[in-house]
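Report on the structure
Listed below, chain by chain, are the residues.
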Amino acid sequence: MRPIKVFLDSDVVISSLLSVTGGAHLLVYQKSIAKYISNLSAKEIKIVAKRLGINSPATVRVLKQFKVVLIKNNYGKGYITDPFDRHIVSGAVTTRAGFLLTYNLKHFKIDKIKRDYGILVYRPSQFLQYLR
């Protein structure tokens, strides 16, 4: 069985570092999921983790769970309400992910992303519910 392709927003990865009992942490270490983040998210995660005082080895360990995608195209312009999230949509499209996971649903035009690219945008808890 092929792993499910999932693209994660950096807020989900940071959440996995903050709580080892939350859904985001469970997703990050799920072996049946092919997990992707953008190169911009990887950079942001390191900066935010440092600012929050999360130790560097924990951040490195979490980042090893992902395939990092170099963003070359910007598909996101018409699909987001926050211009800083354009790379998230671009990464999900580039990797042909079936899911984009974020806590910031309001930053994305969910119906348009689903209609144009077939990508479902969920919160981590919604995705876990989907898997069950």
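Scope of this entry: the structure provided in the associated data block. Here the structure is a predicted model, which means the values were calculated and not measured. Going along each chain's sequence as written, the residues are numbered from 1 onward. Local features in a predicted model are, by the rule used here, given only for residues with pLDDT of at least 70; side-chain atom pairs are given and counted only at 80 or more, and totals for whole chains, interfaces and linings are based on all residues. Values shown for side chains rest on all heavy atoms present in the structure; no hydrogens or waters enter the calculation.

Re the overall build of the protein
Counted only if it meets this: Here a strand is any run of E in DSSP of at least two residues, a helix any run of H or I of at least four, and the numbering for each starts at the N terminus. Throughout, radius of gyration means the C-alpha value; the globule benchmark is 2.2 Å times the number of residues raised to the power 0.38. Only protein chains enter the accessibility calculation, which uses a 1.4 Å probe; a residue whose area is less than 20% of its type maximum is buried, one above 50% is exposed, and one in between is partly exposed. Residue contacts follow a heavy-atom distance rule, with two residues in contact if any of their heavy atoms lie within 4.5 Å. Note on areas: these come from Shrake-Rupley sampling with a 1.4 Å probe, and a residue is covered only by the protein chains present in the view. For the purpose of charge, His is not counted, nor are the chain termini; Lys and Arg are scored as positive and Asp and Glu as negative. Think of each charge as sitting on NZ of Lys, CZ of Arg, CG of Asp or CD of Glu.
Broken down by element type, the protein carries 7 helices and 5 strands. Beginning at the N terminus, the succession of helices and strands in the protein can be written as β-α-α-β-α-α-β-α-β-α-β-α. Taking 14 Å as the expected radius of gyration for a compact globule of 132 residues, we find that the protein reaches 14 Å, a close match to that expectation. Counting only C-alpha atoms and orienting by the principal axes, one finds that the protein spans roughly 40 × 30 × 25 Å. Across the 132 residues in the protein, those meeting the buried criterion constitute 46%. Put simply, of all contacts in the protein between residues at least 6 apart along the chain, 67% involve residues at least 24 apart. By element, 53% of the accessible surface of the protein is carried by carbon and sulfur atoms, the whole surface being about 7600 Å². Between the mean site of the 22 positive side-chain charges and the mean site of the 7 negative ones, the protein shows a separation of 9 Å.

Focus: the sheet that holds strand E4 (residues 99-101)
Filter applied, for reference: Two strands are said to pair when DSSP picks up at least two bridges between them. In this description, a line fitted to the C-alpha atoms serves as the axis of each element, helices being fitted only across the stretch in contact, and the angle between N-to-C directions of two axes falls anywhere from 0 to 180 degrees.
Strand order in the open sheet formed by 5 strands is E3-E2-E1-E4-E5, and the pairing between neighbours is parallel. Edge positions in the open sheet fall to strand E3 (67-69) and strand E5 (120-122), since each of these has one partner strand only. Along the sheet, successive strands turn relative to each other by an average axial angle of 30°, direction set aside. Pairing between E4 and E5: 3 bridges, direction parallel. Among the inter-strand pairings, Phe99 is bridged to a residue of E5, identified as Leu120. Helix-sheet contacts for helix H7 (residues 124-131) involve strand E1 (4-8), strand E2 (33-38), E4 and E5, and the interaxial angle to E5 is about 120°.

Quick word on the pairing of E1
Here 4 bridges tie E1 to E2, and the two strands are oriented parallel to one another. Looking at the pairing, Lys5 lines up with Ala34 of E2. Relative to E4, E1 runs parallel, the two sharing 3 bridges. Residue pairing for E4: Leu8 is matched across the bridge by Leu101.

So yeah, pure geometry; function would need other evidence.
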